[in-house]
Amino acid sequence: MSITRRQVGVAGLGVPLALAMAGTAQAGPRRPRTLYIAGDSTAAQKYADAAPETGWGMALPFLLHRQLTVANHAVNGRSSKSFVDEGRLEAVLSAIRPGDLLLVQFAHNDEKTADPTRYTEPWSTYQDHLRLYVEGARARGARPVLATAVERRRFDADGRAVPSHGEYPAAMRALAAQERVALLDVQALSLALWQELGPEETKRYFNWTATEQDNTHFNPPGAIAVARMVARELLRTRVLAPRDVRRPDGEIPESWITWPEADA
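Attention in this report is confined to the structure presented alongside it. Note that the structure is a prediction, hence the values are computed from the model and not measured. (Residues numbered from 1 in each chain as written. Predicted model: local features only at pLDDT ≥ 70, side-chain atom pairs only at ≥ 80, totals over all residues. Heavy atoms only, no water.)

## Thoughts on unusual backbone geometry
Argument step 1. The step from Ala51 to Pro52 runs through a cis peptide bond, and the omega angle for that step is 10°.
Argument step 2. Checked against the element boundaries, Pro52 lands in the loop between strand S1 (33–39) and helix H3 (56–59).
Argument step 3. Positive phi values are uncommon outside glycine, yet Arg180 reaches one of about 55°.
Argument step 4. Although it is not a glycine, Arg238 adopts a positive phi angle of roughly 65°.
Argument step 5. Counting through the fold element by element, Arg238 comes out in the segment after helix H9 (220–236).
Argument step 6. Owing to a relative accessible area of 72%, Arg238 belongs among the exposed residues under this scheme. (Helix = DSSP H or I, 4+ residues; strand = E, 2+ residues; numbered from the N terminus. Buried < 20%, exposed > 50% of the residue type's maximum accessible area, 1.4 Å probe, protein only.)

Now the structure itself:
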């Protein structure tokens, strides 16, 4: 089901984005940009009934300059396929504007082989669906950014952090190289952090409560730590400039994280 850029359209490809943005900067103040997140429950906005569960997308605004708005479209339980099939990518692309960013993180639910509404195969349908995000953003003059899926809390008997996403991170890395898309390697960075912290200390980053031991979703400290990885990767890949990021090493109090009431 892969589609080519010619089929999607070539709008925005005539002038390199960096040159277009430079021209805007010379003409006057930079217009506010929006960073859209397309992803799953690890990034999604959580509401009061789910607290203290926290998506890393809830913490990211505290690390970015106020002129860069975060529009978090990540939704619990979605894969790269179901997000498209439900019309969610179309909704993002209808709002996105030239100069905006589309940050894409999927794999957790693409891995569900028993669910045909969500499952994708890493080296075929997963990459095919990711191309829809990449080509859709580029056709509208926006910049796509791919992020490998953050790792679960999983350790072997010797206390070593164990990867849980199979071939999906490698498939995304290969696609990013092929399509020349910026890649945020959150999977590798999170695995290294969980290894550094160890089995017990990592419980402080995941949604472990008196009634729940959740090794996939985060609490505020975990969401802040992963959001910091994302922000640093956006700097490393030069998707963002230093002026776009704040508090790269500064404290972000847990009290800043809030869980609004869900709409009725």
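## Quick word on the environment of Lys81
Argument step 1. Within the fold, Lys81 resides in helix H4 (residues 80–85).
Argument step 2. Separated by 29 residues in the primary sequence, Lys81 and Asp110 place their C-alpha atoms 7.5 Å from one another.
Argument step 3. Among all residues touching Lys81, those that are not within four sequence positions of it are Asp110, Pro116, Thr117, Arg118, Tyr119, Thr120 and His129.
Argument step 4. A polar atom in the side chain of Lys81 sits 2.7 Å from the side chain of Asp85. (Contact = heavy atoms within 4.5 Å. Polar contact = N/O pair within 3.5 Å; in protein donor to acceptor, adjacent residues only side chain to side chain.)

## Brief notes about the pairing of S1
The side chains of a regular strand alternate between the sheet's two faces.
Argument step 1. Taking burial as the measure, the seven residues of S1 include seven buried ones, the bulk of the element.
Argument step 2. Residues Arg33, Leu35, Ile37 and Gly39 point to one face of S1 and Thr34, Tyr36 and Ala38 to the other, with burial holding for every one of them.
Argument step 3. One ladder, built from five bridges, connects S1 with strand S3 (residues 101–105); its direction is parallel. Across the sheet, Ala38 pairs through a bridge with Val104, a residue of S3. (Pairing = 2+ DSSP bridges.)

## Describing the sheet that holds strand S2 (residues 68–72)
Think of a sheet as strands paired side by side through backbone hydrogen bonds, with each pair either parallel or antiparallel.
Argument step 1. Spatially, the five strands line up as an open sheet ordered S2-S1-S3-S4-S5, and their pairing is parallel. Pairing within the sheet leaves two strands with one partner each, and these edge strands are S2 and strand S5 (182–184). If you compare each strand with its neighbour and ignore which way they point, the axes differ by 25° on average.
Argument step 2. Packing of H9 onto the sheet brings it into contact with S1, S3, strand S4 (143–147) and S5, and relative to S5 it is tilted by some 150°. (Axes fitted to C-alpha atoms, helices over the stretch in contact; angles between N-to-C directions.)

## Focus: the packing of aromatic side chains
Argument step 1. Counted under the stated rule, the structure contains nine aromatic pairs.
Argument step 2. With 5.0 Å between their ring centres and 80° between their planes, Tyr126 and Tyr168 make a pair best called edge-to-face. Linking Tyr126 in helix H6 (residues 122–139) with Tyr168 in helix H7 (residues 168–179), this pair joins segments that are 42 residues apart in sequence.
Argument step 3. Residue classification places Tyr126 among the buried positions, given a relative accessible area of 1%.
Argument step 4. Taking relative accessible area as the criterion, Tyr168 reaches 6% and is therefore assigned buried.
Argument step 5. Here the aromatic cluster, defined as three or more aromatic residues joined through ring pairs, consists of Trp194, Tyr205, Phe206 and Phe218. (Phe/Tyr/Trp six-rings, centres within 6.5 Å; stacked < 30°, edge-to-face > 60°.)

## A closer look at the pairing of S3
Argument step 1. Within S3, five of the five residues are buried, which leaves it mostly tucked inside the rest of the structure.
Argument step 2. Going residue by residue along S3, you find Leu101, Leu103 and Gln105 tucked away on one face and Leu102 and Val104 tucked away on the opposite face as well.
Argument step 3. The sheet contact formed by S3 and S4 spans four bridges and is parallel. Note on S4: the bridge partner recorded for Leu102 is Pro144.
Argument step 4. In this fold, the crossover linking S3 to S4 by way of H6 has right-handed handedness. (Right-handed = clockwise from strand over helix to strand, strands pointing away.)

## A short note on the packing of helix H8 (residues 186–201) against H9
Argument step 1. For the pair H8 and H9, the least separation of the axes is 10 Å and the interaxial angle reads 135°. In terms of their interaxial angle, H8 and H9 are classed as oblique. Here the hand of the crossing between H8 and H9 comes out right-handed. Contacts between H8 and H9 pair Val186, Leu189, Ser190, Leu193 and Trp194 from the former with Ala225, Val226, Met229, Val230 and Glu233 from the latter. (Parallel < 35°, antiparallel > 145°, perpendicular 65-115°, else oblique. Left-handed = near helix turned anticlockwise from the far one by under 90°.)

## Notes on the nonpolar core
Argument step 1. Counting 44 residues, the largest nonpolar core has Trp56, Leu60 and Trp194 as the members making the most contacts within it.
Argument step 2. Of all the secondary-structure elements, those providing two or more residues to this core are S1, H3, S2, S3, S4, S5, H8 and H9.
Argument step 3. Among the elements that take part in this core, H9 stands out by supplying nine residues, more than any other.
Argument step 4. Not counting chain neighbours up to four residues away, the residues in contact with Leu60 comprise Leu35, Ile37, Val70, Ala227, Val230 and Ala231.
Argument step 5. Counting 28 residues, the second largest nonpolar core, distinct from the first, contains Ala71, Val104, Ala107 and Ala171. (Core = buried A, V, L, I, M, F, W, Y, C linked by side-chain atoms within 4.5 Å.)

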